[in-house]
Amino acid sequence: SIRPDDPAYMIYTSGSTGRPKVAINTHRGIVNRLRWMQAFYQLTPADAVLQKTPFSFDVSVWEFFWPLGEGARLVVAAPDSHRDPDALVAAVTTHQVTVLHFVPSMLRVFLRARHVATCTSVREIICSGEALAPDLVDACHRVLPATLRNLYGPTEAAVDVTHWTCPREAPTTRVPIGYA
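Notes on the structure in this doc start here. (Residues numbered from 1 in each chain as written. Predicted model: local features only at pLDDT ≥ 70, side-chain atom pairs only at ≥ 80, totals over all residues. Heavy atoms only, no water.)

According to the stated counting rule, one finds ten salt bridges in the structure shown. The partner of Arg123 in a salt bridge is Asp47, and the shortest N-O contact between them spans 3.0 Å. Here Arg123, found in the loop between helix H4 (104-111) and strand E6 (124-127), pairs with Asp47, found in the loop between helix H1 (27-41) and strand E3 (48-51); they are 76 residues apart in sequence, far enough to count as distant. Owing to a relative accessible area of 27%, Arg123 belongs among the partly exposed residues under this scheme. (Salt bridge = Lys/Arg side-chain N within 4 Å of Asp/Glu carboxyl O. Helix = DSSP H or I, 4+ residues; strand = E, 2+ residues; numbered from the N terminus. Buried < 20%, exposed > 50% of the residue type's maximum accessible area, 1.4 Å probe, protein only.)

Listed below in structure tokens is the structure:
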């Protein structure tokens, strides 16, 4: 039998030290994370999440399990397409992806793709892993209709522990990491 505090998965991280170490996350931790995401973002069977993060990174855990747990479609990107913004645009438009995750540096590259404005199915863009720059928030809001979220957290805490919804109303001067 599985108990809430039993290990669910282990993943390597360098954190802020730059030295690799293993993080072991419990069932309680990842289930709590997935339940929070569902309560906040309300994924439905009409949604499609693009799984493009290599499975050696913590974000891949929710990219895999959140849509599967909620009956949404899991769209698995072609290998190495996370490095090709045009391939990502094609995957998003072909499969009508509604939820995407990017580290901010990759979001910047994605927004420069030739046909990124055709990604009108996207309703949620979740950023984490790096600081989200104010000019990038404004660029995203100019190009796509999606809601942009900034999340922050260490791998040891089952991916993220804070969130912030980036408002569209005015130019962004700072991007908080948000609240628990």
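Still more ground to cover, so stick around.
All right, on to the nonpolar core then. In globular proteins that are soluble, nonpolar side chains generally tend to be buried together. Counting 31 residues, the largest nonpolar core has Leu50, Phe102, Leu107, Phe110, Leu111, Ile125 and Leu148 as its most contacted members. Within the residue set of this core, elements represented by two or more residues are E3, helix H3 (85-95), strand E5 (99-102), H4, E6 and helix H5 (134-143). Other than its neighbours up to four places away in sequence, Leu107 contacts Phe102, Ile125, Cys127, Leu136, Cys140 and Leu148. Listed in part, the 19 residues of the second largest apolar core include Tyr9, Trp62, Ala72 and Ala158. (Core = buried A, V, L, I, M, F, W, Y, C linked by side-chain atoms within 4.5 Å. Contact = heavy atoms within 4.5 Å.)

Together, Met10, Tyr12, Val22 and Ile24 give the surface a local cluster of nonpolar side chains, amounting to about 430 Å² of exposed area. Elements supplying a minimum of two residues to the nonpolar patch: strand E1 (7-13) and strand E2 (21-26). (Patch = residues over 30% accessible without salt bridge, like charges linked within 9 Å, V, L, I, M, F, W, Y side chains within 5 Å. Areas by Shrake-Rupley, 256 points an atom, 1.4 Å probe, with all protein chains shown as cover.)

Below, the discussion takes up H4. Listing the buried residues of H4 in full gives Pro104, Met106, Leu107, Phe110 and Leu111. Down the axis of H4, the smallest arc covering the buried residues is 155°, so these residues share one side. Tucked into the core, H4 has its buried residues touching H3, E5, E6, H5 and strand E7 (147-152). (Arc of directions from axis to C-beta.)

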